[in-house]
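# Fold and geometry: a report
Listed below, chain by chain, are the residues.
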Amino acid sequence: MGLEKQTDFSKIEILIMDVDGVMTDGTVLINDDGSEGKNFSILDGHGIKLWHRAGFQTAIISGRPSGATTVRAEQISINHVVQGAKKKLPALDSLLEELSLDYSQVAFIGDDLLDLPLVRRAAFGVAVANAVDELKEVADYITEKTGGCGAVREVIEYILKRNGKWQDLMQRYLV
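Below is a short write-up of the structure.

## Some points on the pattern of salt bridges
A complete count under the given rule lists eight salt bridges for this structure. Across the pair Glu36 and Lys38 runs a salt bridge, and its minimum N-O distance is 4.0 Å. Here the residues in one salt-bridge network are Asp20, Glu36, Lys38 and Arg64, joined through shared partners.

Here it is as structure tokens:
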């Protein structure tokens, strides 16, 4: 599955994600009129809804601003969205201060070099399967699935199963 350190999953309160290459496959479609489109996984979206049902928060910290990201975040109720963050660590620090959280409460999923400081500092730092080697080397966990193809859902299930929340969430589906 990946590399794993001892993480106290009961302390994780927020899942923070990069977008391009994590919530998407990294492809950006540019239309003739300059508008763009991205492909987001429905599995990931449902996973995020499960995460919220379990009582946890989500956030996006992306180096690239995008209207498609804003729309998707609204659709799946991600309330904390930071875009255009060329240096992601100050964005993370500001978000944590705003939410009165610290690194021990953060799971972060990334794929590229800009994500290195966040993966290193998070209590549970994750690299998607198609991440750059430098990120994989410092990640606590490497997904089996690639970005945009269920990697976020994989991480959510992994954490929820380890913090004891998964079985309660499954009751509504087992009826």
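## A look at the side chain of Arg153
Its location among the elements puts Arg153 in helix H6 (residues 151-162). One polar contact links the side chain of Arg153 to the main-chain carbonyl oxygen of Leu43, over a distance of 3.1 Å. For Arg153, the contacting residues outside a window of four places in its chain are Leu43, Asp44, His46, Gly47 and Leu50.

## Here's the deal with the sheet that holds strand E7 (residues 124-127)
Read from one edge to the other, the open sheet built from six strands follows the order E5-E4-E1-E6-E7-E8, with strand pairing classed as parallel. Strand pairing shows two members of the sheet lacking a second neighbour, strand E5 (80-82) and strand E8 (141-142), which therefore form its edges. Bridge count between strand E4 (residues 57-61) and E5: three bridges; the pairing is parallel. Directly across from Ile60, in E5, lies its bridge partner Val81. In this fold helix H1 (residues 42-53) packs onto strand E1 (14-17) and E4, with an angle of close to 135 degrees to the strand it touches most, E4.

## Structural notes on H1
Residues separated by three or four positions in an α-helix point in the same direction, a consequence of the helix having 3.6 residues per turn. Taking 1.5 Å per residue, 12 residues should reach 16 Å; H1 reaches 17 Å between its end C-alpha atoms and fits that length. Among all positions in H1, only Asp44, Gly45, Gly47, Ile48, Leu50 and Trp51 are buried. Contacts from the buried residues of H1 go to E1, E4, helix H2 (67-75), H6 and helix H7 (166-170). The N-cap of H1, judged by a side-chain oxygen 3.1 Å from the amide nitrogen of Leu43 a few residues on, is Ser41. Directly after H1, the chain includes Gly55, whose backbone phi takes a positive value near 100 degrees.

## Points about the packing of aromatic side chains
Two measures describe an aromatic ring pair: the distance that separates the ring centres and the angle between the ring planes. According to the stated counting rule, one finds six aromatic pairs in the structure shown. Pairing Phe9 with Tyr158 gives two aromatic rings, centres 5.9 Å apart and planes at 75 degrees, and the pair type is edge-to-face. Of this pair, Phe9 sits in the segment before E1 while Tyr158 sits in helix H6, placing them 149 residues apart in sequence. The exposure class of Phe9 is buried, given its relative accessible area of 7%. When the centroid spacing of 5.9 Å and the interplanar angle of 35 degrees are considered together, the rings of Phe124 and Tyr141 count as tilted. Placement of Phe124 in strand E7 and of Tyr141 in strand E8 is noted, with a sequence separation of 17 residues between them. Clustering of aromatic rings is evident, with ring pairs tying together Phe9, Phe124, Tyr141 and Tyr158. A cation over an aromatic ring shows up here: Arg162 above the ring of Tyr158, its NZ or CZ 3.5 Å from the ring centre.

Reading guide: rules and limits
Residues numbered from 1 in each chain as written. Predicted model: local features only at pLDDT ≥ 70, side-chain atom pairs only at ≥ 80, totals over all residues. Heavy atoms only, no water. Salt bridge = Lys/Arg side-chain N within 4 Å of Asp/Glu carboxyl O. Helix = DSSP H or I, 4+ residues; strand = E, 2+ residues; numbered from the N terminus. Polar contact = N/O pair within 3.5 Å; in protein donor to acceptor, adjacent residues only side chain to side chain. Contact = heavy atoms within 4.5 Å. Pairing = 2+ DSSP bridges. Axes fitted to C-alpha atoms, helices over the stretch in contact; angles between N-to-C directions. Expected span 1.5 Å × (residues − 1). Buried < 20%, exposed > 50% of the residue type's maximum accessible area, 1.4 Å probe, protein only. Phe/Tyr/Trp six-rings, centres within 6.5 Å; stacked < 30°, edge-to-face > 60°. Lys NZ or Arg CZ within 6 Å of the ring centre and 35° of its normal.

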